[in-house]
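Given next are the chains, with one letter for each unit.
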Amino acid sequence: MTDHGSEEGSREILADAIARVTGQGPVRLDARLLYDDGPVTASLERAGGLLTVRRAGRAPVAVEPVVVVFEIPPHRRRHLEGFQDLLRRFGARTLAADPEAWRVATDKSLMVERFSRDSVAQMETLRMNGSWHDMLSAFRRLGRDVWARPVLGMGGADVFHVTGTEQLEAAAAFYRSTGQGWLISRDAGNFTADGRRNQHRVIVLNGKVVHAFERHQSDPDRPCNVSQGARTTVLGPDRLPPRLAELAVAATASVGLPFAGVDLAAQSGGVVFEVNVHPAFNPDRPVETVAIPYVRAHLSADPDLTSNGAGRRGDRRPA
C-alpha cells in the first residue's frame, strides 16, 4: 500500500521485490482511500484467514494478512494512524503498525526530543517558535552557523544554511509564509579534506544494517540529498565504520522503527541528522539490496505463513 499520488517511485521497486519473493505481484492499495481526512472511509475485517478492506462505494478487497506500507508523504502520515491501529488490532503482519514511531520520526522536533532522552548523538537543535529576539538568541547560541529545516519535510526541500542575521530573517519569513514549523541546528562541520560536504545514509532493518551509502555535496550551502545535487557512493554494510553502524541502529531504536534510513555524519564525533520512515530507494540494485530484505521481513514475521509450507508460496500476496 502506497500513496498513488506520490511521484517518489518506491512502489514499483517494492512491487518488483514482492513478485520476486512470492512468485506473483501484490494487491495494490491506494493509501489515499484510507486517510481519515479523505472523502472515502475504510474498515478492516478478518475472515477466512484474510484481511478484507471495505471502502464506501467500492467493492471489498481481500488480501493476505501481510501488508507492506511505503511511500506515504510526511504531511499525510498522521491521517493513516487509524488504519495503522486497525492493522495492529486485526493481527496483520506489517512493519508499519506503530503510529507513534512514525509520528516521532516524521515530526523532527519530536525526533530531537527522543534523541536527547536516549542520548543519541546529534547536533544541538532548537525549535523556532518565539519572537525575533528569541530566534536571534538561539542563532547566537548555536554559533551563528546553523541549518534551518522544516519540522515536516523530505528530500532536503526548504532547508537553508544560515550564517547571518539577514539569512535568518529570510528563513523566518519563508517558513511563516508557508505555515511551516521549523528548527535550527548547529553546523556539524561535516567536510572532507577537499572541502565537500559529507554524510552517510544507513538503512537499518530489525536492528541490523542492510545497506549504506556515502554522499558528497560540492555546494557547502546545500544539504547532502541526492535530490539537491549530492553524489552517492555505495559502501554496503561491511565498509561502514562500526561506530556509525552502531549509531544508526541506536537512532532507529530510539524512535521505535523496525526499518528506517538514517542520515548521519562521522564528523563532530559522529552525529545523527534524522531518521527517515520511508527512505527513497537508491539506484544501486535497490530491489536486491533493500526492497527484498524488507519484504522478506514481513513474511518471516508471520509464523502462520511459514507453517503453510512451500506449496502455498505463490498464494502469499502482500498488499
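Structure shown above.
Residues numbered from 1 in each chain as written. Predicted model: local features only at pLDDT ≥ 70, side-chain atom pairs only at ≥ 80, totals over all residues. Heavy atoms only, no water.

**Observations concerning the overall build of the chain**
Here is step 1 of the chain: Scanning the chain for helices and strands turns up nine helices and 12 strands.
Here is step 2 of the chain: The C-alpha radius of gyration computed for the chain amounts to 21 Å, which stays within 12% of the reference 20 Å derived for 319 residues, consistent with globular compactness.
Here is step 3 of the chain: Each principal axis of the C-alpha distribution contributes one length, and for the chain these read about 65 × 45 × 35 Å.
Here is step 4 of the chain: Considering only contacts in the chain between residues 6 or more positions apart, those separated by 24 or more positions represent 63%.
Here is step 5 of the chain: As displayed, the chain offers around 14,200 Å² of accessible surface, 49% of which is attributable to carbon and sulfur atoms. (Helix = DSSP H or I, 4+ residues; strand = E, 2+ residues; numbered from the N terminus. Rg over C-alpha atoms; globule rule 2.2 N^0.38 Å. Contact = heavy atoms within 4.5 Å. Areas by Shrake-Rupley, 256 points an atom, 1.4 Å probe, with all protein chains shown as cover.)

**Quick look at the sheet that holds strand S1 (residues 42-47)**
Here is step 1 of the chain: Across the sheet, three strands lie side by side as S1-S2-S3; this open sheet has antiparallel pairing. A strand with exactly one partner marks an edge of an open sheet, and here the two such strands are S1 and strand S3 (61-63). Pairs of neighbouring strands in the sheet enclose a mean axial angle of 25°, with direction left out of account.
Here is step 2 of the chain: Judged from the six bridges that link them, S1 and strand S2 (residues 50-55) form a sheet pairing that is antiparallel. Within S2, the residue paired with Glu45 across the bridge is Thr52. (Pairing = 2+ DSSP bridges. Axes fitted to C-alpha atoms, helices over the stretch in contact; angles between N-to-C directions.)

**Observations regarding helix H1 (residues 10-22)**
Here is step 1 of the chain: The terminal C-alpha atoms of H1, which comprises 13 residues, lie 18 Å apart, in line with the 18 Å expected from a rise of 1.5 Å per residue.
Here is step 2 of the chain: Restricting attention to buried positions, one finds in H1 the residues Ser10, Ile13, Leu14, Ala15, Ala17, Ile18, Val21 and Thr22.
Here is step 3 of the chain: Buried residues in H1 make contact with helix H8 (286-300).
Here is step 4 of the chain: Residue Gly23 follows H1 closely and has a positive phi angle near 95°. (Expected span 1.5 Å × (residues − 1). Buried < 20%, exposed > 50% of the residue type's maximum accessible area, 1.4 Å probe, protein only.)

**Section: the packing of aromatic side chains**
Here is step 1 of the chain: Tallying each qualifying case throughout the model produces eight aromatic pairs.
Here is step 2 of the chain: Pairing Phe70 with Phe281 gives two aromatic rings, centres 5.2 Å apart and planes at 20°, and the pair type is stacked. In this pair, Phe70 is assigned in the loop between S3 and helix H2 (81-89) and Phe281 in the loop between strand S12 (271-276) and H8, connecting sequence segments 211 residues apart.
Here is step 3 of the chain: Residue Phe281 is classed as buried on the basis of its relative accessible area of 13%.
Here is step 4 of the chain: With a centroid separation of 5.5 Å and an interplanar angle of 70°, the aromatic rings of Phe174 and Tyr175 are classed as edge-to-face. (Phe/Tyr/Trp six-rings, centres within 6.5 Å; stacked < 30°, edge-to-face > 60°.)

**Notes on the layout of surface pockets**
Here is step 1 of the chain: A volume near 540 Å³ is recorded for the largest pocket.
Here is step 2 of the chain: Taken together, 28 residues make up the lining of the largest pocket; nearest its centre are Glu8, Met154, Gly155, His278 and Ala280.
Here is step 3 of the chain: Only helix H3 (99-106) and S12 provide two or more residues apiece to the lining of the largest pocket.
Here is step 4 of the chain: In terms of residue count, the dominant contributor to the lining of the largest pocket is S12 (three residues). (1 Å grid on protein atoms, 1.4 Å probe; cavity = no way out; pocket = protein on both sides within 12 Å on 5 of 7 lines; lining within 4 Å. Points joined across faces, edges and corners; volume = space filled by probe spheres on them.)

**Some points on empty space enclosed by the protein**
Here is step 1 of the chain: Taken as a whole and assessed by the stated rule, the structure comprises five cavities of 30 Å³ or more.
Here is step 2 of the chain: Considering only enclosed or pocket space, the largest cavity measures out at about 510 Å³ in volume.
Here is step 3 of the chain: Forming the boundary of the largest cavity are 30 residues, of which Arg149, Val159, Pro223, Phe273 and Glu274 lie nearest the centre.
Here is step 4 of the chain: Of all the secondary structure elements, the ones that give two or more residues to the lining of the largest cavity are helix H4 (108-118), strand S5 (146-150), strand S7 (182-186), strand S8 (197-205) and S12.
Here is step 5 of the chain: Classifying every residue of the lining of the largest cavity gives 13 nonpolar, nine polar and eight charged.
Here is step 6 of the chain: Its boundaries defined by the atoms lining it, the second largest cavity holds a volume of some 140 Å³. (Nonpolar A, V, L, I, M, F, W, Y, C, P; charged D, E, K, R; others polar.)

**Concerning the side chain of Glu81**
Here is step 1 of the chain: Locating Glu81 in the fold gives a position in helix H2.
Here is step 2 of the chain: Judged by relative accessible area, which is 16%, Glu81 ranks as buried.

**Comments concerning the environment of His161**
Here is step 1 of the chain: Locating His161 in the fold gives a position in strand S6 (residues 160-162).
Here is step 2 of the chain: Residues His161 and Asp284, 123 residues apart in the sequence, show an inter-C-alpha distance of 29 Å.
Here is step 3 of the chain: In this structure His161 touches Asp145, Val146, Trp147, Gln167, Asp187, Arg197, Pro220 and Asp221, once residues within four positions along its chain are discounted.
Here is step 4 of the chain: Looking at His161, its side chain comes within polar contact range of the side chain of Asp145, at 2.6 Å.
Here is step 5 of the chain: One polar contact links His161 to Asp221, side chain to side chain, over a distance of 2.6 Å. (Polar contact = N/O pair within 3.5 Å; in protein donor to acceptor, adjacent residues only side chain to side chain.)

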